[in-house]
Amino acid sequence: MAQCKQGAHEFIQSAFCPVVAVLASQDAENICKKNNLSFVEMIQPFCRLTSEAHIRDPSNTPHGLHNFKIIVKNIHQQPHQPTLAKKLLNESVSSCLPVSLASDNGPANIVSIGDYDLQLSVSTPWFEAYRECFFRVSYISDHEFLKNYTACMFIVSSSHPDPMAQFKVLSHHQQQQQHQQPGKHPRWFCPNVLKYYVLLHDVIDGEDQKADSVYQSMKTTYGSFICHLLSINSRQAPPMSHDIMQADPWSQFINKTTLPNAVTSEAQMNGLPEKQRLSSVENAVEALEEPILDHPLANHTAVNLENTDSGSMDSLNSGKDSRSSSVSTPHGLCLTTSDQDKLRILMHEFIVRGLLPWAERQIKTLNELVSSKKTRGLFSGAKRWFGGSKPAENVTGATVVYTQEAPEMQLRRLGDLSFMFQMYELAYQTFHTAKRDFNNDHAWLHCAGALEMAGVSIFMQGIQNTRQFEYMESAIGTYLNTCKNGQFATRASLLYTEILKSKQMFTDAAVALIKMTSEDADLRSALLLEQAAHCFLNVKQPRKYAFNMILTGHRFNKASQKQHALRSYQCALNVYKGKNWILAEDHINFTVGRQSMSLRQMENATFALRQILSHDSKQSHDQQVIFLKEYLFVLKQFLAHSPPSDNTLCQLPLPLVDGNQIKVMASYRQKQHVTSNIIAATGVSFDCNDEDNTKWYRLEELCLRVAGVSSSVFEPTIQCYTNQTDNSGNPNAVISEPMTVELSLENPLKVNLVLNDVSLLWQFSPEIDSEVNQEQQPPPVFTNEQAKSIKSTIADELVTAITIKELTLEAKEQKKVQLTLIPQKTGELHIIGVGYQLGMLTSTPQNNLTNSEMPNNRQNLMFVRGKQLLEVQGPRLNASKADKASKVYGPDRRLDLLVVPPMPQLQVSFEHFPKVLSCGQIQRVNLVLSNSGPVDLCNIMVSSPTSQYIMFTEQINGNDLDPISDINQCCGGSSVDPNKIFDPNNFYPSILPTADDSLTIKCTCNVSHLTQQQKQNPNHSCINKVPIRCQSIKPHQTVLVPMYVIGANQSGTQILDMLFYYEPMDETLKIRHRIVRHSAALTILSSLCVKAWPTRGTADESNSATISLEIENISQVQVQYPNQCLFNILQVSGVSNQWCLHHLSTKPNTDVRVIKNESMQIVLKACKCEKEADKEKEYFSNVVFDQHAIDSAVSPCADFYSKSKDTEIFKLEDPPPDNLYQVEPPAPTVEPFEGLDKAVKLGMTLIVLWKGLITSTDGHSDVIVGQHHVNIDGLDTLVASNPLTKVVKEQPAITFIKQDEFIGDPMPDVTLLAQVLKVNMEYQQIVYHDFTGPKRLCQVPLKVSLQNTSNMDVMVIIEANTRKTNSTANELTATKSKDLFTFSGQVGRRFNVPANNTIDLDLKASFWRPGVYHLNCMKIVAGSENTADFVPQKHVPSHSITILSTNG
């Protein structure tokens, strides 16, 4: 069986619960009506205990009550009439319709059984709803007490004038109904049922003092355990206009009783005898609908799913309407959370303090009564005493009638009461005894009931006993065969199958369910057959599942449950689908189509034949030809006899069009050049990856910010609309510019399809001037679909549609088709579909026919003019809770375009654009810009995430495009002073910032090419303004701009993405800017690797540094590019604001050449400039190895240097900075230990200029030029031009407890303090001494110099005689001695060394024997005044002394 919300134990407990009657006064009901509830409805959600309770059996043994629940009913609620019971059962099933018929029903699950992958419903809520409704509407029988009232609650309001009197009136009314009419409704469990008194108090409108007084009187009169004061309505009901956002736990209970005429009069049912009432209910449960079809294989016409007849469900719609109205009505408006807790407390007190003690007393009393009848004689005497009588024999199955006080009925009453209060062992013993008595008396209905409950009691005990199955089968057989009572047989079957299901006995459960099917109960049979099908599925028998689902669909169809019937057939189809049953499916659809055509039901015939062509058919080619030919013929006949009233085209099933794959190119395309030296910008094509759009959007946003376009929300320019782009806005199409739509067409058949006159179908609404249209009338709508309309005569004047004359789709072919529209007027353009003529060849074309002969073979074609609508689905919305709960999709307007006036069209192309570059190689390219639009364009900018690899120079004239031939042309060409200091103030005085600006001037000779904002903010490093001499490019004008490209520092593939931004000169146009994309992939080959290791200079030269430069030729021979590379180092330029670069290991005019797989070491010297450092200037100092110096301060060397410094200032993935338009920089912050940086800070960039000779295998040689950059920040750090391997730092352990952060005084960097001092010793390195003379101790004077190399004062502590161990660590001789030398004089001192000053200390070293000694044993630590810890000095030079004896 399918999965149910409740397990077997929970279901049985819920089915047999104590029933409690409620009798409320009218004033109490009026208080509850403030919440749109009755009292019974108000307490319904709280009728289940949330905690465990206990009850004692007659032997005083406690039993735990788990998940205990009671059923509360209005005492005036009458049993349902047969008609209403029938309607309730039908409505319970129809109200749980599947969510979708096209897919599967509701929540689905993929079940794999062997070779079958079935999409099934994980649950069947309609069956659970039917089962629940069945137990609710079942009539009360005299042979059991399970649905009789065990207690009665009396409800009176505190606002009543005399509540105590009203309680007496209600109690008297209940007694009259119970004792004066014992055989009529309501039925009571026993004469002395529990009576519980509730005083209902309205907190807002009631009087608290009166309520307390009445409650005390109630406890005095009736007892405190059966009285309760309930205070509700703690707040006023809000106005209806206000939205109430609160939980509504009452709606699920109210929906079950909202059908009209749910309560009938008492006389209508109680006037019938018992047997007639049972027969009426049985007929209502079983005979729900008249049979419609004799068997599931009977012939029937095709059903059009799009036009399903819903007339048979009209009677159910009224119930749905009433249910929906009840759902929309809010409940509990005056009840707070505290009030709900009070209701929960009320029910808990009623059950625990009232109902359970009453049940204990009743069970004890009944057990004593039953136990006193030990023998049959005594029991028979008691029966005669109570007036019980029975016939001697029951042959016809008539029911024996017992009085309510008969001993047998007392026994049954004890069993029912024990079962309802979960004492299943006592219940089983009682039912087991009762079934023997009933069997002896031939009271078969009573005997079957006892057998049923005995079997259920065994199961609820959780013991292994096969008698439970015997009892249940015997009870069902007795109900069906002897008693002819289908209602109780159905109830027993539902209980029995749940028991079998919990025992994993699915085959037995299926057999039991199938036994309950009959021809006179279609709805019940359908539901039970469906559950039997699921049982077969659980035992891995999918074909039996499918067969029973087909029978289920047939019975649902007879019961007028059309949608459930369709769902059942679809579930069965899942088994046959994909398992070679498609031929039978096609045959059935084809037969239905022909029969419908013979009956002139052309629409149904067309729909049935359409199903054959809507899937991947497994038919042969000839059979598919027949199917397609038949469909075209029927469709043509249908259109001839019943043309569409609106003169539109019919929809065709072939070919298949994937709506999600529709792409719309709203912008113009770049013109492709055929010249080998010129390539056009790639632009946007239909094959572009949508994942890259984010990158282009960020580039466009930066251009807009630089251009000064202010907008609160950035809307990117989408050139190609797909299912991955944001299609919430309308695309913009430009007049006279073609816009293209790409469709994906697929032919699923084995037959070649021929499409003629393929074009897009559109609707166009022209823009009307508001002065002309003063009456605000809607504009006319024109379309090219209505071929016979007068409006179509001017369609071509509005929109020009490019038509494909003929298109052939081969068998099983999928083809991309691009259709174009050219709008001619401004307005709104809506693309609604694609129109074409669908046809096929009457004979298979031969393979030896040429293209010229092919049309002659197509003279016998059958074409039908039709269309396919283009439907796109937007993204699913998940913003709100309602969106997540339902399937709501956002708008997708990619097919709804706005036509705007003409715009400029920028065509971008590149001349001599490289495909292969070496690392650091510089190549010159000519950028060709032309305007093919009718409007002038201006303000051209280029944004790129890799802008450090490209740059632009001034515009050139005409065709004066000379390629780069030597290094002088590339790098500025003129000979300059090698030690030239570059001052931007003298080089470009017109573009310098004003005196108020305090920004660093970058050494970019092309600063004039950047905007004013770019010069003032380094975050524009990815934006370049294209320098053109004229202010704009006029229509049909071409401009050439030089451009330089440099290779990346790492080999591999380098992607250059460039976005060209431009604006129209006309500021009144709606579109204020347009873009052109270009993406190029360059192959980067290895060339040089430059590494630098800076160290501190000697002690004599404190203002110098030594730079060890290693240049390695890492070029490799590749399969695609087998070249040999030789590199000449022309020059090394140093760029810094305080350092200059000089020769050290080399001399000028030295030939520095590096061949393959070799490296060269060059040592350079960096000295501080004599002038005071100016942070606004950068000094270019050159170390020249060639005959001529290269001016590296001009383009393109300085440009690429400047870009290399700005590459990490702005990352494309990050959002744009908020200070993008900020002119004044923030105030500089002063670090407390900034002066310590001077000790290790260098701040220099090396520019290595080189020239390379590349020789290919065929002997062809090319000369290339380039440059590498090495940024040196500090001393003793290895830096390289190529990326070095980064060491992954170990991450600290994750802590879940926040650590208190200690915020103290700022501390300097330890690495800075370790290098702040230079230590030097002056002494005699070799000393001779007579150790045998009077002065055996040799004393050597020495001078220790401590130099502070930083710009701040340093505190120094020196301890000369500090030794870690007693070993001879300071002695280099092989002699081992424990006595070491010692210092004398100022051996321990703490003093301050001013900035850039030197302090000398005079010491003496005393030795007692000859040897070689290290003098580094003294401890020197440094720190600042604000630090508590001092750092040992790192760079202490090694000092040693040799002591020789004069005596040998």
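Residues numbered from 1 in each chain as written. Predicted model: local features only at pLDDT ≥ 70, side-chain atom pairs only at ≥ 80, totals over all residues. Heavy atoms only, no water.

Could you give an account of the environment of Lys663, with specific residues and numbers?
Along the polypeptide, Lys663 turns up in strand E12 (residues 663-665). Residue classification places Lys663 among the buried residues on the basis of a relative accessible area of 16%. Considering only alpha carbons, one finds Lys663 and Ser685, 22 residues apart in sequence, at a separation of 10.0 Å. Other than its neighbours up to four places away in sequence, Lys663 contacts Phe686, Cys720, Tyr721, Thr722, Thr740, Val741 and Glu742. At 2.6 Å, the side chain of Lys663 forms a polar contact with the backbone oxygen of Phe686. (Helix = DSSP H or I, 4+ residues; strand = E, 2+ residues; numbered from the N terminus. Buried < 20%, exposed > 50% of the residue type's maximum accessible area, 1.4 Å probe, protein only. Contact = heavy atoms within 4.5 Å. Polar contact = N/O pair within 3.5 Å; in protein donor to acceptor, adjacent residues only side chain to side chain.)

Now, about the packing of aromatic side chains: what can you tell me, with residues and values included?
In the structure shown here, the tally under the stated rule is 24 aromatic pairs. Their ring planes at 90 degrees and their centres at 5.9 Å tell us that Phe134 and Phe135 sit as a pair that is edge-to-face. You'll find Phe134 and Phe135 in the same group, each marked buried. Ring centres of Tyr197 and Tyr222 lie 3.8 Å apart, and the angle between their planes is 15 degrees; this geometry places the pair in the stacked category. Linking Tyr197 in strand E8 (residues 194-202) with Tyr222 in helix H7 (residues 208-222), this pair joins segments that are 25 residues apart in sequence. Classification of Tyr197 as buried rests on a relative accessible area of 5%. Through pairs of rings, three or more aromatic residues link up here, namely Phe11, Phe16, Tyr130, Phe134, Phe135, Phe419 and Tyr424. If you follow Arg131 out to its NZ or CZ, it ends over the ring of Phe11, 3.9 Å from the centre. Here Arg413 stacks its cationic end above the ring of Phe145, 4.3 Å away from the centre of that ring. (Phe/Tyr/Trp six-rings, centres within 6.5 Å; stacked < 30°, edge-to-face > 60°. Lys NZ or Arg CZ within 6 Å of the ring centre and 35° of its normal.)

How would you summarise the pattern of salt bridges if you had to cite specific residues and measurements?
Pairs can form between side chains of opposite charge once their charged atoms are near each other. If you walk through the whole model with that rule in mind, you get 23 salt bridges. For Asp205, the salt bridge is made with Lys34, and the minimal N-O distance between the two is 2.3 Å. With Asp205 in the loop between E8 and H7 and Lys34 in the loop between helix H2 (26-33) and helix H3 (39-43), this pair connects stretches of sequence that are 171 residues apart. Given a relative accessible area of 53%, Asp205 falls into the exposed group. Take Lys34: its relative accessible area is 32%, and that puts it in the partly exposed class. When the shortest N-O distance is used, the salt bridge between Arg555 and Asp522 registers 3.1 Å. (Salt bridge = Lys/Arg side-chain N within 4 Å of Asp/Glu carboxyl O.)

In short, the description is geometric, and any link to function would need to be established separately.
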